[in-house]
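Listed below are the residues making up each chain.
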Amino acid sequence: MDLRVFTEPQQGATYETLLRVAKAAEDLHYGAFFRSDHYLHMGSVDGLPGPTDAWITLAGLARETERIRLGTLMTAGTFRLPGVLAIQVAQVDQMSGGRVELGLGSGWYEAEHEAYGIPFPKEKFGRLEEQLAVVTGLWNTPVGERFTYEGEFYRLKDSPALPKPTQPKVPVLIGGHGAKRTPALAARYADEFNIPFAPLEDTERQFRRVRAAAVEAGRSGDDLVYSNALVACVGRTDLEVKRRADAIGRDVEELKANGLAGSPAEVVERIAQFQGVGSQRMYVQMLDLDDLDHLELIASAVMPQLV
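Cut-offs applied
- Residues take numbers from 1 onward in each chain, read along the sequence in its written order.
- Residue-level local features of this predicted model are given only where pLDDT is at least 70; pairs of side-chain atoms are given and counted only at 80 or more, and the full residue set underlies all totals for whole chains, interfaces and linings.
- Only hydrogens and water are set aside when side-chain values are computed; all heavy atoms of the structure are taken into account.
- For this analysis, a salt bridge means a side-chain nitrogen from Lys or Arg found within 4 Å of a carboxyl oxygen belonging to Asp or Glu.
- Elements are defined by DSSP. Helices are runs of H or I of four residues or more, strands are runs of E of two residues or more, and each kind is numbered from the N terminus.
- Whether a residue is buried, partly exposed or exposed follows from its accessible area with a 1.4 Å probe, protein chains only, as a fraction of its type maximum: under 20%, in between, or over 50%, in that order.
- The aromatic pairing rule takes the rings of Phe, Tyr and Trp, using the six-membered ring of Trp, and pairs them if the centres are within 6.5 Å, calling planes under 30 degrees apart stacked, those over 60 edge-to-face and the rest tilted.
- In this tally, Lys and Arg are treated as positive and Asp and Glu as negative; His is ignored, and so are the chain termini.
- By the convention used here, residues are in contact when the closest approach between their heavy atoms is within 4.5 Å.
- Only buried residues count toward a nonpolar core, which is a set of Ala, Val, Leu, Ile, Met, Phe, Trp, Tyr and Cys residues joined through side-chain atoms within 4.5 Å.
- Whether two strands pair depends on DSSP finding at least two bridges between them.
- Angular values range over 0 to 180 degrees, each being the angle between N-to-C directions of two axes fitted as lines to C-alpha atoms, with helices fitted over their stretch in contact.
- Roughly parallel means an angle under 35 degrees; roughly antiparallel means over 145; roughly perpendicular covers 65 to 115; every other angle is labelled oblique.
- With the far helix as reference, a near helix turned anticlockwise by less than a right angle produces a left-handed crossing, and one turned clockwise produces a right-handed crossing.
- Following the grouping adopted for this structure description, the nonpolar residues are Ala, Val, Leu, Ile, Met, Phe, Trp, Tyr, Cys and Pro, the charged ones are Asp, Glu, Lys and Arg, and the polar ones are all others, Gly among them.
- Helix span is expected to be 1.5 Å times the residue number reduced by one.

Bringing the pattern of salt bridges into the picture now. Taken as a whole, this structure holds 22 salt bridges when the rule is applied. A salt bridge links R281 to E192; the nearest nitrogen and oxygen atoms lie 2.5 Å apart. Highlighted residues: R281 in strand β12 (residues 281-286) and E192 in strand β9 (residues 192-196), separated in sequence by 89 residues. An identical accessibility class is assigned to R281 and E192; each is buried. Salt-bridge contacts for R219 lead to D223; the nearest nitrogen and oxygen are separated by 3.7 Å. Taking the relative accessible area as the measure of exposure, D223 reaches 43% and is therefore partly exposed. Residues participating in the shared-partner salt-bridge network are D2, R4, R69, E101, E192 and R281.

Our next topic: the packing of aromatic side chains. Two aromatic rings, taken as a pair, are described by how far apart their centres are and by the angle between their planes. For the coordinates displayed, the defined rule picks out seven aromatic pairs. Consider the rings of F147 and Y149, whose centres lie 6.4 Å apart with planes at 10°: the pair is stacked. Here the two residues F147 and Y149 agree in accessibility, since each one is buried. One aromatic cluster is present, built from ring pairs that chain together Y39, F79 and Y116.

Structurally, the position occupied by E130 is in helix α5 (residues 125-140). No salt bridge forms around the buried E130; measuring N to O, its nearest opposite-charge neighbour R155 is 6.9 Å away. Ignoring any residue separated from it by four or fewer positions in sequence, one finds E130 in contact with Y149, G151, E152, F153 and Y154.

Okay, the nonpolar core next. Ranked by size, the top nonpolar core spans 77 residues in total, and within it L3, F33, W55, L102 and I298 carry the most contacts. With eight residues, α5 is the single largest residue contributor to this core. F33 has contacts with V5, T7, L18, V21, A22, L61, I68, R69, L70 and G71, leaving out every residue within four places of it along the chain. Judged by nonpolar contacts, the second largest core, of eight residues, contains V231, I248, L255 and A261.

Here strand β2 (residues 32-35) pairs with strand β3 (residues 69-72) via four bridges, running parallel. Paired with F34 across the bridge in β3 is G71. Note: β3 against strand β5 (residues 100-105), two bridges, orientation parallel. Across the sheet, G71 pairs through a bridge with E101, a residue of β5.

All right, on to the packing of helix α2 (residues 54-64) against helix α3 (residues 82-96) then. Each pair of packed helices gets described by two things: the angle between the helix axes and the distance between those axes. With their axes 8 Å apart at the nearest point, α2 and α3 run at an angle of 20° to one another. Regarding the angle of α2 to α3, the classification is roughly parallel. Of the two possible hands of crossing, α2 and α3 adopt the one that is left-handed. Where α2 approaches α3, its residues W55, L58, A59, A62 and R63 are matched on the opposing element by L85, V89, V92, M95 and S96. Across the contact of α2 with α3, the residue classes break down as eight nonpolar, one polar and one charged.

With burial as the criterion, only one face of strand β6 (residues 147-150) is covered, namely that bearing F147 and Y149; the residues T148 and E150 on the opposite face remain uncovered. The sheet contact formed by β6 and strand β7 (residues 155-159) spans three bridges and is antiparallel. For E150, the partnering residue across the bridge sits in β7 and is R155. Hairpin connection of β6 to β7: four residues between the antiparallel strands.

Of the residues making up helix α6 (residues 181-189), those classed as buried are T182, P183, L185, A186, A187 and Y189. Of the surrounding secondary structure, the elements contacted by the buried residues of α6 are α5, β8 (172-175), β9 and α7 (200-216).

With that out of the way, let us pick up α3. The first and last C-alpha atoms of α3 sit 21 Å apart over 15 residues, in line with the 21 Å expected at 1.5 Å per residue. Where α3 is buried, its residues touch α2, β4 (75-76), β5 and α5. Of the residues one or two after α3, G97 is the one with positive phi, at around 75°.

Printed below as a string of structure tokens:
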């Protein structure tokens, strides 16, 4: 089981805070540092000092870390044209020496689009499908050849399809709860399928759908990595767990039911339950980015117990 750090900077974080967390995650041997892609806070927090851009952040981290993998859960397809996104990701992959992963989703938070003047199209899933075709098509076009694409939403003509990522293949993550179109899209384009904030039964059902869709698409279900993202709230004592839950405005019992909460032993058992239904990777959502002791506790008391 691979543990990765997942952050939500729109809730209030500077680049320097994210750098501290990423460097701590690298030193503690987490598998990756991932961040969300949002421009507006959610809930009752004020979001100060304001949003940071996902790919600008990852570009900075690419130069200031050495080993840890870097990526997004998920880049919002509504924020970027696919040709531009392919350039951005390829460049950050070069800057990192080949450590980037692209999680790409359709975009969903209408309020942030209104707040920053970003168009919020009605048909988002069809755009996402074309974006995946364009981004992967540009990367897969051999150097010296040209890429042309004629879609309903995007058209590219005679593109040189440059630059190329450092990795022979940048891992692509697709996720979500949709019963039909999402598994089919994952089967076609994804290296990893992620289901966020889902209970065990929903996780098992969705993984089955994706495996079946992969077989239908001519792939093996084992071609993909299957992962979850769950909020973490771990403590050595009940008091420490409650303190961490209070710091993020959550209830302990609710977190135990829906996340990774409690003692290290409880969290190891909880992760094993998800592993039992097919999860191979866990994105540990850290909501209090000033609490680096939390990261250390999970690394020292949970990570060594995972198979």
